[in-house]
Amino acid sequence: MKRSTKTISIIFVFFLIITIVIVGRSMIGNHFKKKFSKRPPPGIIVTEVIEKEFSEQIETYGTAISKKSKTFKIKKDDLFEDLKLKNFVKKGDVLIKLKSGDILAPFSGVLGYTGLTEDILVSNNIFIITLDDNSIIYSDIKIPESYSTFIEKGLPVEVTLSSFKDKTFSGEIDFVSSRINADTRSLLSRIKVKNENLELISGSLLEVRVKFDLRNSLSVPDTSVMIEGDKSYVYKISAENIANKTEVKTGLRGDSNIEIISGLTAGDIIVAEGLKKVRPRGKIKPINK
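Now for a description of the structure that goes with this document. (Residues numbered from 1 in each chain as written. Predicted model: local features only at pLDDT ≥ 70, side-chain atom pairs only at ≥ 80, totals over all residues. Heavy atoms only, no water.)

Attention shifts here to the environment of Ile260. Note on placement: Ile260 falls in strand E16 (residues 257–262). Relative accessible area serves as the criterion here: at 3%, Ile260 is assigned to the buried category. Among all residues touching Ile260, those that are not within four sequence positions of it are Leu218, Val220, Val248, Lys249 and Thr250. (Helix = DSSP H or I, 4+ residues; strand = E, 2+ residues; numbered from the N terminus. Buried < 20%, exposed > 50% of the residue type's maximum accessible area, 1.4 Å probe, protein only. Contact = heavy atoms within 4.5 Å.)

If you want it as structure tokens, here you go:
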């Protein structure tokens, strides 16, 4: 009887030890599982929804025209001395010294030759110089008839050309014709561009963008918008840094931004980059752009 009781006690102690080991290992495993499986929220670049100017655009081409131009035909035999032209002259400066009388600049501008060859100089005994006032450049452009109702004097324009690929010159519509050209079905308009540094040269081919229907609208980076079917979404960040998938209605697309018509308000914080790292209703660590 005593031996049986002793045996039962040993078995009980054995199972108790096993139970303690199993429970202990389980508790330790759960502890480390919670500790290491809980990942910190990902760092995501966010930005604020702001207002920006958007507009419709008409793209066309035109040729640069100087504000003022004057041509001088000079007889070679009439030169008082060897011809030495300045690059830029002011109004009243001597352009050329001649035996018959000096020629004075009627206005400030840039001097140059035009249409000259050695044959012309020798055979005709005449050479031609030009004076161009390029402080303002004009250009005549043709607007398609379908856009004619939007065009009016004062509308802003942007001008670029191949020799200044990264620079944009600002101007405006200076004149609008009163009728549509029946042959080209277009409306003739003239633009005016300030050219303070004389970078635009008369005769250059200009790429012209006429801006109309200007308006201030909400703007977000194009990298923040997700397209799913015919719907668009952004991740709007709450005060608790929770990313909420929000449907938006988009408008025009700019160089790197998109117009938002509805779904957001100015000042909202949204995900700007890294959409693949974000999960709906997931927490993030905001990084200001």
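Having seen the model, we can carry on.
Counting across every chain of the model gives 3 aromatic pairs. With 5.9 Å between their ring centres and 65 degrees between their planes, Tyr147 and Phe212 make a pair best called edge-to-face. Linking Tyr147 in the loop between strand E8 (126–144) and strand E9 (156–161) with Phe212 in strand E12 (residues 205–221), this pair joins segments that are 65 residues apart in sequence. The exposure class of Tyr147 is partly exposed, given its relative accessible area of 31%. Ring-pair connections join several aromatic residues into one group, and the members of that group are Tyr147, Phe150 and Phe212. Positioned over the ring face of Tyr233 is Lys245, at 4.8 Å from the centre of the ring. (Phe/Tyr/Trp six-rings, centres within 6.5 Å; stacked < 30°, edge-to-face > 60°. Lys NZ or Arg CZ within 6 Å of the ring centre and 35° of its normal.)

Turning next to the environment of Gly109. Counting through the fold element by element, Gly109 comes out in strand E7 (residues 109–113). Sequence separation between Gly109 and Asn87 is 22 residues, and the spatial gap between their C-alpha atoms is 8.6 Å. In contact with Gly109, other than residues within four places in its own chain, are Asn87, Phe88, Val89, Leu131, Asp132 and Asp133.

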